[in-house]
Structure formats: C-alpha cells, structure tokens
Amino acid sequence: MGSLGKYVLTFEEADPDDVKLIGGKASSLVLMTRLGLPVPPGIIITTKACREYYDRGEKLPEGLMDEVARGIKYLEEKTGYKLGDPEKPLLVSVRSGAAVSMPGMMDTVLNVGLNDRTVHGLAKRINNEHGAYDAYRRFLAMFGRIVLGIPEEEFNKPLEEIKRKYGAKEDPEIPLEGLKELVEIYKQIYIKRFGRVFDDPWEQLRLSIEAVFKSWNSPRARFYREANKITPDIADCTAAAIVTMVFGNADWRSATGVVFSRDPATGENKLYGEYLPYAQGEDAR
C-alpha cells in the first residue's frame, strides 16, 4: 500500500531507523514486522503531527484524521474486522512512543472501539463473554481516566465494591454479572460528569490520539525529560502507534507480559520474561 499521507505511515512502509520520526516503540514494531514476526497490524502517526499539534495551539493538524481514516481502512482490509461493526469489530490501542524510552511517563489507551454494541461482537470473536466485558470495563476506566481526566479513584472504588460483593480477591474472579454491573456503574460516572457516554468509535479514536499528544507535555513527562536531559534535538515530541488489539484476557491461556530474546542479566541466548494470565496492558507491572 502506498503512503497514507504526510503524517501517517503503515508498519510496512515506515523506516525503523528513523526513530525520531516514528518513536522507539513503533521502530521496534516495524523492525519485528520486517523480520516476519507475528506483529498485530498497525499504523503510526509521526512526531511531526504531534509537533504541529502544539504549534497550532493544541489542535490536530488539518487532514490528520482523514489520513487516520485511510489507515483504519487499511487495518480493516488486513484483519477482516471493521471499526464500529457490531458483528466483527476492529478494536485498537493508541500507544505513545517518543524517540527515547520514557517508561510510564506518557499514556496509552487500550480497547478503543468498544461500546454496548461492539462488546457482543468481541464476545463472539474470542468466544468468551466474560473476557469481552472485562475488556469493556477496562476501556471505560482507562478512557475516562486518561482521555477525559476523571480521577482514577472514581473507577477504583466501585471496582473494589464489586469484588467485595462477589467475594473476588482478584479482578479475573469477578463473575460476568459483576462485570456487567461495573460497566453500568462506569457509564453512569460518564453521564454524571458529561451527560453522555462516549460510544462513537471514531470519537474515541480522535480523543485518544489527542490524549497521547497531550501526555507529551504532562508534568511528569516534562520532569522526566528535564531530569534525564532529553532535549528537543533528541526527542521533539511523541509519535502515536495505532495497533490492532490482541487480548491477554481472552481466557486463562491468554496473558500479558514482557519477553526478551536474551537473558538481560547474563546475555545468554534464551527467552526470558514474565507474564500474567487473563490480564491486559500494564497489569503485569
């Protein structure tokens, strides 16, 4: 496929060596794609778009979302799923990534595209309604906290209450009924604050991209750059990788984690890592 435009690249066409343009995270994904590893399809919004976002007074560059729409169509053709389709929904993550690693400093949003309709399509896809509603409650909490600025405690408190109600020590032990209750509670938090639930997948995507860009200038990110002497000539802004979701919470044979091709302590040529079953995202921290 040819270029998607001036701001958006596919994993296939991006140059993994141009880290300042596509960010370190995307560079690794592009390199693994070239090596033939099973990387979920994705697109990259370059740091150029983030820089223009700030130059325009925190407004997305003109034409950016048109390029993103072409990129989503490309992902739909690659995967056979479609954003917002209640039967076969495409779900994506929107991930930050600067030229240098800034662990935990910038934001990522998972499960973008979930709503009351697409959650049923996800349940069919992974053959697990419990896993689908687990992803949905996670999305509502993460989107609410990162994108809308709702305090994390507003989501954590009902989560703990639901766990007590059903005698669940860990999140995966919450029964399906409890997850559905939690989803409804989270939706009411949105309605109380904003008068509505943000259930349009395209609006979710646009707002998530903006949130990733905004996280570049968050107090913790600015402090990290200052403390580590990361100047604009080293990393001028963050890229945003939009990646097809895979589900570490699809069942107990699924997991999230970190793996290395070498033992980081000895350099020995063997796989080394850790994982957490029936989990997503940063649960394994």
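Preceding this paragraph is the structure being described.
Residues numbered from 1 in each chain as written. Predicted model: local features only at pLDDT ≥ 70, side-chain atom pairs only at ≥ 80, totals over all residues. Heavy atoms only, no water.

*Asks:* Got a minute to help me understand the pattern of salt bridges in this structure?
*Replies:* A side chain of one charge can pair with a side chain of the opposite charge if their charged atoms are brought near each other. What the rule picks out here adds up to 19 salt bridges. The partner of D134 in a salt bridge is R138, with the nearest N and O atoms 2.8 Å apart. Here D134 and its partner R138 are both found in helix α6 (residues 129-147), four residues apart, which amounts to about one turn of the helix. Here R138 falls in the buried class, since its relative accessible area comes to 13%. (Salt bridge = Lys/Arg side-chain N within 4 Å of Asp/Glu carboxyl O. Helix = DSSP H or I, 4+ residues; strand = E, 2+ residues; numbered from the N terminus. Buried < 20%, exposed > 50% of the residue type's maximum accessible area, 1.4 Å probe, protein only.)

*Asks:* Is there a simple way to explain the sheet that holds strand β5 (residues 239-244) in this structure?
*Replies:* Read from one edge of the open sheet, five strands run β1-β2-β5-β3-β4, paired in antiparallel fashion. Every interior strand has two partners, whereas the edge strands, β1 (8-10) and β4 (108-112), have only one. Between one strand and the next, the sheet's axes are offset by a mean angle of 20 degrees, whatever the strand orientation. Sheet analysis places strand β3 (residues 92-97) next to β5, joined by six bridges and oriented antiparallel. In the strand pairing of β5, R95 is matched with A241. Contacts between helix α2 (residues 24-34) and the sheet are confined to β2 (42-45), β3, β4 and β5, with β3 contributing the most and set at about 120 degrees to the helix. (Pairing = 2+ DSSP bridges. Axes fitted to C-alpha atoms, helices over the stretch in contact; angles between N-to-C directions. Contact = heavy atoms within 4.5 Å.)

*Asks:* Quick question: what am I supposed to make of the packing of aromatic side chains here?
*Replies:* The geometry of an aromatic ring pair comes down to the distance between the two centres and the angle between the two planes. Across all of its chains, the model carries 10 aromatic pairs by this definition. For the pair F139 and F143, a centre-to-centre distance of 5.2 Å together with 35 degrees between the ring planes defines the contact as tilted. Here F139 pairs with F143, and both are found in helix α6, just four residues apart, close to one helical turn. Residues F139 and F143 agree in their burial class; the two are buried. Centroid distance W252 to Y278: 5.0 Å. Interplanar angle 55 degrees. Geometry classified as tilted. Here W252 is found in the loop between β5 and β6 (255-260), whereas its partner Y278 is found in the segment after β7 (272-277), with 26 residues between them in sequence. Among the aromatic residues, those joined into a ring-pair cluster are F139, F143, Y190, F194 and F198. In this structure, R196 packs its charged tip against the face of F198, placed 4.0 Å from the ring centre. For R225, the ring lying beneath its charged end belongs to W216, and the centroid distance is 3.7 Å. (Phe/Tyr/Trp six-rings, centres within 6.5 Å; stacked < 30°, edge-to-face > 60°. Lys NZ or Arg CZ within 6 Å of the ring centre and 35° of its normal.)

*Asks:* Help me out: how do you make sense of the packing of α6 against helix α8 (residues 176-194) in this one?
*Replies:* The angle between the axes and the distance between the axes are what describe a pair of packed helices. It is at 9 Å that the axes of α6 and α8 come closest, and there the two elements cross at 25 degrees. Taken together, the axes of α6 and α8 are roughly parallel relative to one another. Along this stretch, α6 crosses α8, giving a crossing that reads as left-handed. On α8, the residues that touch E129, H130, Y133, D134, Y136, R137, F139, L140, A141, F143 and G144 of α6 are L176, L179, K180, L182, V183, Y186, K187 and Y190. (Parallel < 35°, antiparallel > 145°, perpendicular 65-115°, else oblique. Left-handed = near helix turned anticlockwise from the far one by under 90°.)

*Asks:* Honestly, the side chain of R225 in this entry has me stumped. Any pointers?
*Replies:* As for its position among the elements, R225 is in helix α10 (residues 219-227). With no salt bridge to any partner, buried R225 finds its closest opposite charge in D236, at an N-O distance of 8.4 Å. Looking at R225, its side chain comes within polar contact range of the main-chain oxygen of W216, at 2.7 Å. Residues within four places of R225 in sequence aside, it is in contact with M102, W216, N217 and I230. (Lys, Arg positive; Asp, Glu negative; His and termini not counted. Polar contact = N/O pair within 3.5 Å; in protein donor to acceptor, adjacent residues only side chain to side chain.)

*Asks:* Just to check I follow, could you spell out the state of the cysteines for this structure?
*Replies:* When the sulfur atoms of two cysteines share a covalent bond, that bond is a disulfide. This structure, assessed with the given rule, holds one disulfide. The side chain of C50 participates in a disulfide bridge whose partner is C237; the two sulfur atoms lie 2.4 Å from each other. Across the S-S bond linking C50 and C237, the dihedral sits near -50 degrees, which makes this disulfide left-handed. Here C50, found in helix α3 (residues 47-55), pairs with C237, found in the loop between α10 and β5; they are 187 residues apart in sequence, far enough to count as distant. In this pair, the class of C50 matches that of C237, namely buried. (Disulfide = S-S within 2.5 Å.)

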